[in-house]
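Overview (structure and organization)
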Protein chains: 2
Amino acid sequence: MRESQRRPTIADVARKAGVSKTTVSRFLSDQAEYISEETYRKIEQAIQALHYEPSQMARGLKAKQSRLIGILVADIANPFTTAILRGAEDVCHRHHYSLLVCNSDNDPIKEQNYIRTLRSHHIDGLILHTTGANQSVLLALQKEKTPVVLLDREVAGMHVDLVGMDNAQATYDALNYLVCQGYNSIAYVTAPTADISTRMERVQAFQSFMADRKLQHTSIVFQIEGKASALPDFLTTFMEREDAHAKAIFTGNAVILLQVALAMQQLGYRVPDDVALISFDDPDWAQIVGITTVSQSAYEMGVLAAERLVARLGGDAGDPQRLYVTSTLQERDSTPKVAKG
Amino acid sequence: MRESQRRPTIADVARKAGVSKTTVSRFLSDQAEYISEETYRKIEQAIQALHYEPSQMARGLKAKQSRLIGILVADIANPFTTAILRGAEDVCHRHHYSLLVCNSDNDPIKEQNYIRTLRSHHIDGLILHTTGANQSVLLALQKEKTPVVLLDREVAGMHVDLVGMDNAQATYDALNYLVCQGYNSIAYVTAPTADISTRMERVQAFQSFMADRKLQHTSIVFQIEGKASALPDFLTTFMEREDAHAKAIFTGNAVILLQVALAMQQLGYRVPDDVALISFDDPDWAQIVGITTVSQSAYEMGVLAAERLVARLGGDAGDPQRLYVTSTLQERDSTPKVAKG
DNA sequence: CGAATGCATGAAACCGGTTCCATAGACCCA
DNA sequence: TGGGTCTATGGAACCGGTTTCATGCATTCG
């Protein structure tokens, strides 16, 4: 009743096959050119028999690489994030990397801790959907030549690859569409902008668009904070204004969209009868409910980010690239055309 | 212009502090009792100055642990999965473990590969949301005393901890509710059951309940496969039957729910006017659309699974446990009471 | 006052791989 | 037949930590 508790090592395989560790190592690294057929077969058998699996840990120690890619996301509950994960995961799997997924939960402190942890695990590269406020730790990573790819959001002072979208353009497109549909009073609801470049870009684009068009009193930026009543209060105020004849609400991402939709429902306002609704992100349920969205292919963003990283790991030393996925307007029932007033 | 490319090692710290590796190691492992104050301070400073971070890799090699927990999920795009991830991540973070997230995409081959990969990374434990068909690889893990916690689904022949729900009971509860509301013709739509215990249990519970109640011709089990038209065809057939006066559709998870809702919309059937709708899982949008669901706290499942694993890693050698989260019926507009016919 | 004990520290082996260098035998050529 | 090349293999050092064991000095005790 011998329990084989200890997992087999390369030495066990070598012993069983009657060869040296070196030879087994050669077998494992596909340098089989100088291995005789007989030896090859013996090693093969020994590995089979022992269920041997080489230890990435030991391997990485010498080779100074782990085949681990860290991905640090700001909110794992967000469907946008999930889609990114799926894209990144697919690419990594294809290139025999594994993904170490961490969730900073929008907390810069947690983010910083995670960057440390990831470093301690010798990640070969990092995909970062940042909270925005951790340059210093990141610089340590950079010094060690660990490539970093930024996702969706900038980090001040970091000149590295970035995969995102043209937020200003996407915002303009959406607003143009709303104006064409006849809306002349638009509220923009965003999560706290803090250090998050994407959110700031969108808000700024919104404000400058509205100002350019001289659509007065129509832009309101609201930050959802701790106070539960803040959102209903804001929405009520907006809905009760009588300075415009066609109102629309534009939400900054899918999480906010959900909040707004829920709040409107509770307040008794109906979409699109009382107000139009449009949002960034395109969660799968938007189709069912019939909400017009600005869809950015999150899956593709994940793919692009991972591919960029893999390219860097493969030796690409070119200048930092900025890759933008295109956004498309998914027109649905929540933004019908209204007659001009 | 000295570029500090190589990341500092314990030897660098030792040199800078003017002490031996051993002493630094003691410092790192919190065995500071026998370190003089002066030495302590010198080491502290050296670590600060060098931005030193010990390598988990080197550490794990000797210690035979990685502080890595693998979590292998069947479908990372499913909100149910995401909620689990969040729960598991929170617990792991609290206990200074990192999560290696892999997505088998419901593919047993991919699952098998991932288990291998995870093993090669020396994971300390595995949380497995399985496709159901990989006992053999798992047994290798078990032999090496790597604890495994099953999530939601059984693996035949594995006697390990499991976190899930009482599927039969939850199914009965939901059906009882439907019957009380007056529905006498119910269709159950499930994803392919294959080797997935949860799905099988639910289908079986459904069938036995319907048979017990002698509600004839009212149960239809449908497996969504490749054929795109299969679902609309099935729904049309069901809707056109005239043997019952109040129909309801029961979907096996949120992904299927989405498909069914979309298909019904396209076919022109309205919920709940033409047919009631109820589903397992409780995606956040169910609240907006107003769909009655059987909600199982996925977040809690993630927490429980991770806690179980951490307990095992802490030395708990008790018998395998089965933990069930409770499910609650979220009553919404999609299942209104109907008058008896 | 010599021996025992406690404190603070270091040398070296070890974990499981990879890799550099050495070497033995076969083969080839002059 | 001796020296050079090629093939197949092994010994040993190394990666960056941890751990065991040893040791030198102070202090304490019989």
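Each chain has its residues counted from 1, following the order in which its sequence is written. Naming scheme: in the order in which they are written, chains are lettered from A and ligands are numbered from 1. In keeping with the model being predicted, local features are shown solely for residues with a pLDDT of at least 70 and side-chain atom pairs are shown and tallied solely at 80 or more, while totals for entire chains, interfaces and linings include all residues.

A short note on the protein's contact with DNA strand D
Defined as follows: Each residue receives a C-beta atom placed from its backbone. It is near a molecule or strand if this atom lies within 6 Å of it. Secondary structure elements follow DSSP: runs of H or I no shorter than four residues count as helices, runs of E no shorter than two count as strands, and numbering proceeds from the N terminus.
Of all residues adjacent to DNA strand D, which total 25 residues, the nearest are Val-19 and Ser-20 of chain A together with Ile-10, Ser-25 and Ala-58 of chain B. Elements with a minimum of two residues in the surface near DNA strand D: α2 (21-28) and α4 (56-63) of chain A together with α2 (21-28) and α4 (56-63) of chain B. Broken down by element, the residue count for the surface near DNA strand D peaks at 5 residues, all from α4 of chain B.

Structural notes on the packing of helix α6 (residues 108-120) of chain A against helix α7 (residues 135-143) of chain A
Residues and elements named next belong to chain A. Let me state the cut-off plainly: In this analysis, axes come from line fits to C-alpha atoms, helices being fitted only over the stretch in contact, and the angle between any two N-to-C directions falls in the range 0 to 180 degrees. Comment on the angle field: the value is read as roughly parallel under 35 degrees, roughly antiparallel over 145, roughly perpendicular from 65 to 115, and oblique elsewhere. In this scheme the handedness of a crossing depends on how the near helix is turned from the far one: anticlockwise by less than a right angle means left-handed, clockwise means right-handed. By the convention adopted here, residues are in contact when the distance between their C-beta atoms, placed from the backbone, does not exceed 7 Å. As a working rule, the residues Ala, Val, Leu, Ile, Met, Phe, Trp, Tyr, Cys and Pro are called nonpolar, Asp, Glu, Lys and Arg charged, and the rest polar, with Gly in that last group.
Running from N to C, α6 and α7 cross one another at 15°; their axes reach a closest spacing of 9 Å. Between α6 and α7, the crossing angle belongs to the class labelled roughly parallel. Along this stretch, α6 crosses α7, giving a crossing that reads as left-handed. In this structure, α6 contributes Gln-112, Ile-115, Arg-116 and Arg-119 to the contact, and α7 contributes Val-137, Leu-138 and Leu-141. Residues that form the contact of α6 with α7 fall into these classes: 4 nonpolar, 1 polar and 2 charged.

Digging into the relation of the copies chain B and chain A
Short version of the rule: Here the copies are matched by least squares. The fit uses the C-alpha atoms of residues with pLDDT of at least 70 in both.
Superposition record for chain B on chain A: RMSD 0.1 Å, screw rotation 180°, translation along axis 0.0 Å. Given the turn and translation reported, the copies of this chain are related as if by a two-fold rotation axis. Considering only C-alpha atoms, the residue of chain B closest to the rotation axis is Leu-100 of chain B, which sits at 2.3 Å.

Some thoughts on the nonpolar core
How we decide: One nonpolar core equals one set of buried Ala, Val, Leu, Ile, Met, Phe, Trp, Tyr and Cys residues connected by C-beta atoms within 7 Å. Three exposure classes are used. Buried residues have 20 or more other C-beta atoms within 10 Å of their own C-beta, exposed residues have 12 or fewer, and partly exposed residues fall in between, all C-beta atoms being placed from the backbone.
Counting residues in each nonpolar core, the largest one holds 161 residues, and the members touching the most others are Ile-127 of chain A together with Ile-127 of chain B. The contacts of Ile-127 of chain B, once residues within four sequence positions are left out, are Ile-69, Ile-71, Ala-88, Val-149, Leu-151, Ala-305, Ala-306 and Leu-309 of chain B.

Regarding α4 of chain B
An α-helix turns once every 3.6 residues. As a result, residues three or four positions apart point the same way. The condition is simple: The directions from the helix axis to the C-beta atoms are what the arc is built from.
All buried positions along α4 of chain B are accounted for by Gln-56, Met-57 and Gly-60 of chain B. Down the axis of α4 of chain B, the buried side of the element spans an arc of 95°, and every buried residue falls inside it. As for α4 of chain B, its buried residues are in contact with α4 and α6 of chain A.

Focus on the protein's contact with DNA strand C
Around DNA strand C there are 25 residues in total, and Ile-10, Ser-25 and Ala-58 of chain A together with Ser-20 and Thr-39 of chain B lie nearest to it. Elements with a minimum of two residues in the surface near DNA strand C: α2 and α4 of chain A together with α2 and α4 of chain B. No other element matches the 5 residues that α4 of chain A contributes to the surface near DNA strand C. Looking at side-chain class alone, the surface near DNA strand C contains 10 nonpolar, 10 polar and 5 charged residues.

A short note on the confidence of the model for chain A
The condition is simple: Every residue carries a pLDDT, the predictor's confidence in it, which falls somewhere between 0 and 100.
Per-residue confidence for chain A averages 90 on the pLDDT scale, and 94% of its residues sit at or above 70. Summarising per-element confidence for chain A, the mean pLDDT is lowest in strand β7 (residues 221-223) of chain A (62) and highest in strand β9 (residues 276-280) of chain A (98).

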